[in-house]
Amino acid sequence: MNYLNIFKSNSFYILTLVLLLGIIIGSLWKIPLKYFLINIYQEDFSELVYKCDNSMRDHFIAKAQVLKNYNEDTIENLEQTELGLIDCHDYDLLRKKLILLGLTNNELSYMGLKAIEKNGADLKKLVEIHEILY
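From a predicted model like this one, the values you see are computed outputs, not experimental measurements.

Account for the state of the cysteines, with residues named and values stated.
If you walk through the whole model with that rule in mind, you get one disulfide. Disulfide pairing is shown between Cys52 and Cys88; the S-S distance is 2.1 Å. Here Cys52 and Cys88 share a disulfide; its torsion about the S-S bond, 105°, makes the bridge right-handed. Taken together, the residues span a long stretch of sequence, with Cys52 in helix 2 (residues 30–68) and Cys88 in helix 4 (residues 86–100) at a distance of 36 residues.

So what's going on with the packing of aromatic side chains? Residues and values would help.
Scanning the model with the defined rule gives one aromatic pair in all. Residues Phe45 and Tyr91 carry aromatic rings whose centres are separated by 5.5 Å and whose planes lie at 50° to one another, so their mutual orientation is tilted. Pair noted here: Phe45 is in helix 2 and Tyr91 is in helix 4, with a separation of 46 residues, a long-range link.

What counts, and where the lines are drawn
- Residues numbered from 1 in each chain as written.
- Predicted model: local features only at pLDDT ≥ 70, side-chain atom pairs only at ≥ 80, totals over all residues.
- Heavy atoms only, no water.
- Disulfide = S-S within 2.5 Å.
- Helix = DSSP H or I, 4+ residues; strand = E, 2+ residues; numbered from the N terminus.
- Phe/Tyr/Trp six-rings, centres within 6.5 Å; stacked < 30°, edge-to-face > 60°.

So, in structure tokens, the structure goes:
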């Protein structure tokens, strides 16, 4: 049996198969990568979402207290809450890193929703966190 003749007679089919496999792999390689990235970074992302959200809420309340009662204590409290906003910087850095690695805003939103679920926030708590107090 001459393997060279078999290869030549089937070379069109082999090349077509290789081309199709290349197209399929080229089209689908992002799916496992994104799944991997989400699973690797979900815990860190969840923690930073929670910390940033709390920091922003504390800062907003501190600003409202300064406007309501301007004194040295409320100013000091505001300055302390501004330091807490570093958590938001860390969150933003991780978010930008994940975008550079290929995740979309929808996938990051999904991760944010998973973070809310992980922290056991029910709808009432979610509304309280994002509610603007006057």
